[in-house]
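# Chains, contacts and geometry: an overview
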Amino acid sequence: MEEAVKQWYALHTRSHFEKKVFDGLTGKGHEAFLPQMQVMSRRRDRRKKLLVPLIPGYVFVRTDLDPAEYHHILRTVGVVRIIGFKGRAVPAREEEIASLMILDGTDRTVQNRAYMRKGDRVMIMEGPFKGLVGFYIRPRGKGKVVVSIELLQRSLAVEIDDWALEKVSEHGLIG
């Protein structure tokens, strides 16, 4: 019997429950991913770096989503629902998860934005985000790459130098 293909699915969590959901899923033996970024705490007495969710309210789980696993995942404390369309769970695209994995743990300024459709697709060719694929926007002179997660209708923007980018089509890099 063939093993079903595992894909990444987005889970909507209760507010501020991302870490609890991640820990609950990994504790149950599931492969989970909670993309995070570093920020400085805003305490008056001391400053320290904290990891906060890159996309608040969401955790990803890699599963074949058979009925038993589906219910096992949904029963995890803090999980509200599996993101889908018309009552059916819809997997995230591998390229989007790979881009989030590259951003995971960054201390760069990342802006969480509403989902964007306009702009050229680009791949970052140099530096810590090498391989990240997204859309290029240029607000008021500063280059930014936006990584859109279509399934969640969210986008993340990160500042990047123009020289580190190459334009890509649906089929790969443009010569």
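None of these values were measured; they are calculated from a predicted model.

## Focus: helix 1 (residues 18-27)
Residues of helix 1 that are buried: Glu-18, Val-21 and Leu-25. Taken down its axis, helix 1 places every buried residue within 65° of arc, on the same side. Residues Lys-20 and Gly-27 are exposed on helix 1 and point more than 90 degrees away from its buried face. At its buried positions, helix 1 is contacted by strand 1 (7-13), strand 2 (31-33), strand 4 (49-53), strand 5 (58-63), helix 2 (67-74) and strand 6 (79-82). Positive phi appears at Gly-29, one or two residues downstream of helix 1, with a value of about 90°.

## Some words on the pairing of strand 12 (residues 144-149)
Along strand 12, 6 of the 6 residues are buried, which leaves the element largely enclosed by surrounding structure. Where burial is concerned, the two faces of strand 12 agree: the one with Lys-144, Val-146 and Ser-148 and the one with Val-145, Val-147 and Ile-149 are both buried. In this structure, the hairpin formed by strand 12 and strand 13 (residues 154-159) is closed by a connection of 4 residues, where Gln-153 is found at a positive phi of approximately 55°.

## Regarding the packing of aromatic side chains
Per the stated rule, a full pass over the model turns up 2 aromatic pairs. Both rings, one in Trp-8 and one in Phe-33, keep their centres 6.2 Å apart while their planes meet at 65°; by these two values the pair is edge-to-face. On the criterion of sequence distance, the pair formed by Trp-8 in strand 1 and Phe-33 in strand 2 is long-range, its members being 25 residues apart. Of the residues examined, Trp-8 reaches a relative accessible area of 4% and is grouped as buried. Ring centres of Phe-33 and Phe-60 lie 6.3 Å apart, and the angle between their planes is 35°; on these two criteria the pair is classed as tilted. Note that Phe-33 is positioned in strand 2 and Phe-60 in strand 5, a separation of 27 residues in sequence. On the accessibility criterion, Phe-60 (0% relative accessible area) is buried. Through pairs of rings, three or more aromatic residues link up here, namely Trp-8, Phe-33 and Phe-60. Between Lys-20 and the ring centre of Phe-17, over which it is positioned, the NZ or CZ distance is 5.8 Å.

## Considering the nonpolar core
Formed by 29 residues in total, the largest nonpolar core has its most connected members in Leu-54, Ile-55, Phe-60, Leu-100, Leu-103, Val-145 and Leu-152. Of all the secondary structure elements, the ones that give two or more residues to this core are strand 1, strand 5, helix 3 (94-103), strand 10 (120-124), strand 12 and strand 13. Each residue touching Leu-152, except ones within four places of it in the same chain, is listed here: Ala-10, Ile-55, Tyr-58, Phe-60 and Ile-83. Core analysis: the second largest hydrophobic core is formed by 13 residues, Leu-25, Leu-65, Ile-73 and Val-79 among them.

## Here we look at the confidence of the model for the chain
In low-pLDDT regions, the fine details of the predicted coordinates are not to be read closely. Here the chain averages 83 in pLDDT, and 85% of its residues register 70 or above. Predicted confidence in the chain is weakest over strand 15 (residues 172-173), with a mean pLDDT of 56, and strongest over helix 1, with 98.

## Points about the sheet that holds strand 6
Within the open sheet, the 4 strands sit side by side as 2-5-1-6. Their pairing is antiparallel. Only two strands of the sheet have a single partner each, and these edge strands are strand 2 and strand 6. The mean angle between the axes of side-by-side strands here comes to 35°, regardless of whether they run parallel or antiparallel. Where strand 2 and strand 5 come together, 3 bridges link them in antiparallel fashion. In the strand pairing of strand 5, Ala-32 is matched with Val-61. Contacting strand 1, strand 2, strand 5 and strand 6, helix 1 runs over the sheet at an angle of about 15° to strand 5.

Calculation criteria
Residues numbered from 1 in each chain as written. Predicted model: local features only at pLDDT ≥ 70, side-chain atom pairs only at ≥ 80, totals over all residues. Heavy atoms only, no water. Buried < 20%, exposed > 50% of the residue type's maximum accessible area, 1.4 Å probe, protein only. Helix = DSSP H or I, 4+ residues; strand = E, 2+ residues; numbered from the N terminus. Arc of directions from axis to C-beta. Contact = heavy atoms within 4.5 Å. Pairing = 2+ DSSP bridges. Phe/Tyr/Trp six-rings, centres within 6.5 Å; stacked < 30°, edge-to-face > 60°. Lys NZ or Arg CZ within 6 Å of the ring centre and 35° of its normal. Core = buried A, V, L, I, M, F, W, Y, C linked by side-chain atoms within 4.5 Å. pLDDT = per-residue confidence, 0-100. Axes fitted to C-alpha atoms, helices over the stretch in contact; angles between N-to-C directions.

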